[in-house]
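Next come the chains, spelled out residue by residue.
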Amino acid sequence: MLKIYNSLAREKQVFVPTTAGCARMYVCGMTVYDYCHIGHARVLVVFDVVQRWLRASGLAVTYVRNITDIDDKIIKRALENKESISQLTNRFIGFMNDDAAALGVERPDHEPRATEYVPQMLELIGRLEKNGLAYQSPNGDVNFSVRKFPGYGKLSGKALDDLRAGERVDVDTGKEDPLDFVLWKHAKEGEPFWASPWGSGRPGWHIECSAMSSDLLGQPFDIHGGGQDLQFPHHENEIAQSEGAHDCRFVNYWMHNGFVRVDDEKMSKSLGNFFTIHEILKKYDPEVLRFFILRAHYRSPLNYSDSHLDDARQALTRLYVALKAVDADLLPIDWEEPHACRFSQAMDDDFNTPEACATLFDLAAEVNRSKSPTLASQLRALAGFLGLLRRDPQTFLQAAPTSSGELSVEQIESLIAARAAAKKGKDYAAADQIRAELLAAGVVLEDGAKGTSWRRA
RNA sequence: GGCGCGAUAGCAAAGCGGUUAUGCACCGGAUUGCAAAUCCGUGUAGGUGGGUUCGACUCCCGCUCGCGCCUCCA
């Protein structure tokens, strides 16, 4: 029985799909004008695991993750780069896909782009206007009137009168209320625009998600996810738009992942303290980054640092070492087996991946003791639900960081052969010398019954 | 000012009203030519002050500290 922490209810709730046997999920994806940072990696990985576990639970999943390919920052960046908007966005969509693939993130069923859904957005705005929730201000923008929508604030727990609109930002005087938000921005000189009943313009940020989610998933749908920072105002506004237009509930379960931090501060583009996935993968194996993310619960803050990744790498190495020692059969999961049972209970408890990982380590210890191919197979299969341990152990253990000028496999193997010869002649001093040399180059040797194997330290 | 979250051992991070989390690091032993890996074992916890309870890291209240949202942000 799967339980999900629902941000709307502020408690864990049993997951009951709208349509039995199906799960429809929408996650707010990226605005594509720059490389993805680790915060984005967290969203990608966390909801990838959610999606995998829903499928593992036997549900027919429709997973949608949108791409915001038109907004102020994109326009600005394209202008700075002296390139077209589509050149810019297509390039970064490519990088995003590369990062996601490296992290073992499966492709969502749909990846709609905002620019492809303008008609649906206009239709939605029309409905809101008809329902008396939208108005055009003198400057040409179409705004949503938050005070006319009764439930405004229910997701974020905010009361309209407590919000300090304009305290940190100039209030747009065209709005009837400072908290009203833009549905349609009138076109300014030199900006891209679409024709509309309210004049030429482009969509406000929030409207795309309302339009794309209902178009692809219907309304209501089951799960809407995203980073915690989107809870207000973005998701609050989505609710206002979608429920204001369709007069029925928008989403049943809201999921918000916690932030990635650096030095106990939120990592964000505005603070400038972010690390890109691209950058990190030069130093660390992508699976290490994925494991690092899944070692913490998705709602907790996750502090990023190199030493934490080093730690994650050591831990993941332990799992692969266990697998290396045993030829795992590829058997279907035995859910009655105690570790599998514990794993699935952990995942059913609001996707408790740290607990799920702990069972993997217990299982690895068991594999080390028993050398059981059946248990090794269990380990592999369970880890697979987290998108982990899917590679050949040797490949993982011997993988060199992309940026390193480390010893080549051939060099390492010839040194190992030289050491074997020295050992055979009982010249241990020479053998140890070679081993020390390799260790200095980041290569650890392990003498076993079947000869010497090696891995990168 | 409003609303919300958190405080666990050297570091990271979970569950749980009473019985080993887990990983990294550390220590002792087995194994090894010596190592590495592995196994066995030990140690190190739950911010602070109260309360509830036979019993609290776990529930309740206060306090302190930290973080987040209220502005674009995953």
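Calculation criteria
Residues numbered from 1 in each chain as written. Chains lettered and ligands numbered in written order. Predicted model: local features only at pLDDT ≥ 70, side-chain atom pairs only at ≥ 80, totals over all residues. Heavy atoms only, no water. UniProt positions renumbered as here; feature names shortened; annotations may be inferred. Pairing = 2+ DSSP bridges. Helix = DSSP H or I, 4+ residues; strand = E, 2+ residues; numbered from the N terminus. Axes fitted to C-alpha atoms, helices over the stretch in contact; angles between N-to-C directions. Buried < 20%, exposed > 50% of the residue type's maximum accessible area, 1.4 Å probe, protein only. Core = buried A, V, L, I, M, F, W, Y, C linked by side-chain atoms within 4.5 Å. Domains from an automatic or database assignment. Contact = heavy atoms within 4.5 Å. 1 Å grid on protein atoms, 1.4 Å probe; cavity = no way out; pocket = protein on both sides within 12 Å on 5 of 7 lines; lining within 4 Å. Points joined across faces, edges and corners; volume = space filled by probe spheres on them. Nonpolar A, V, L, I, M, F, W, Y, C, P; charged D, E, K, R; others polar.

As recorded in an unreviewed UniProt entry, chain A goes by Cysteine--tRNA ligase and comes from Candidatus Accumulibacter aalborgensis. Its UniProt record gives chain A the following Subcellular location (unreviewed entry) comment, quoted word for word: "Cytoplasm".

Novice: Residues and numbers for the sheet that holds strand β7 (residues 181-186), please.
Specialist: Strand order in this open sheet of four strands is β5-β6-β7-β8, and the pairing throughout is antiparallel. Of all the strands in the sheet, the pair left with one neighbour each is β5 (134-136) and β8 (201-203). The average angle at which neighbouring strand axes cross in this sheet is 25°, direction not considered.

Novice: Account for unusual backbone geometry, with residues named and values stated.
Specialist: Of the consecutive residues Q219 and P220, the connecting peptide bond is found in the cis state with omega at 0°. At the junction of F232 and P233, the peptide bond is cis and its omega measures out at 0° in the coordinates. With respect to the helices and strands, the residue P233 is situated in helix α6 (residues 231-246). Its identity as a non-glycine residue notwithstanding, K371 has a phi of 55°, on the positive side. Mapped onto the elements of the fold, K371 is located in the loop between α11 (353-370) and α12 (373-385). Residue class for K371 comes out partly exposed when judged on its relative accessible area of 42%.

Novice: Which residues make up the nonpolar core, and what are the values?
Specialist: Counting 86 residues, the largest nonpolar core has F15, F47, L54, L289, F343, L386 and L389 as the members making the most contacts within it. With 11 residues, helix α1 (residues 38-56) is the single largest residue contributor to this core. When residues are assigned to domains, this core turns out to be shared by domain 1 (18-260) and domain 2 (281-398), each giving three or more. Ignoring anything within four residues of it in the chain, the contact list for F343 reads W53, A356, T359, L360, L382, F385 and L386. The next biggest cluster of nonpolar side chains, apart from the first, holds 41 residues, and it includes Y152, L155, A211 and I239.

Novice: Quick rundown of the pairing of strand β2 (residues 11-14)? Include the residues and the values.
Specialist: Bridge count between strand β1 (residues 3-6) and β2: four bridges; the pairing is antiparallel. Considered in β2, the bridge of Y5 is made with K12. Connecting β1 to the antiparallel partner β2 that follows it, the hairpin turn spans four residues, and R10 within it adopts a positive phi of roughly 60°.

Novice: Report on the environment of S268, specifying residues and quantitative values.
Specialist: Within the fold, S268 resides in the loop between β12 (265-266) and α7 (277-280). C-alpha separation for the pair S268 and Y320, spaced 52 residues apart in sequence, amounts to 33 Å. Those residues in contact with S268 that sit more than four places away from it in its chain are N273 and F274.

Novice: Could you give an account of the layout of surface pockets, with specific residues and numbers?
Specialist: Of the pockets and cavities examined, the second largest pocket occupies roughly 850 Å³. H37, H40, W205, D229 and L230 are, among the 30 residues lining the second largest pocket, the residues nearest its centre. Contributing elements (two or more residues each) for the lining of the second largest pocket: β3 (22-31), α1, β4 (60-68) and α6. For the lining of the second largest pocket, the per-class residue count stands at 11 nonpolar, 14 polar and five charged.

Novice: Describe the UniProt feature "binding site: Zn(2+)" (unreviewed entry) in chain A, listing the residues and the values that go with them.
Specialist: Per the UniProt entry, the sites bearing "binding site: Zn(2+)" (unreviewed entry) are C28, C209, H234 and E238 in this numbering. A compact arrangement is adopted by the annotated residues: their sequence extent is 211 residues, whereas the largest C-alpha distance between any two is 11.1 Å. Here the residues from the annotation list that line the second largest pocket are C28 and H234. Secondary-structure assignment places C28 in strand β3. Judged by relative accessible area, which is 7%, C28 ranks as buried. Tracing the sequence through the fold places C209 in helix α5 (residues 207-217). Residue classification places C209 among the buried positions, given a relative accessible area of 1%. Setting aside residues up to four positions removed in sequence, C209 forms contacts with Y26, C28, N66, H234 and E238.

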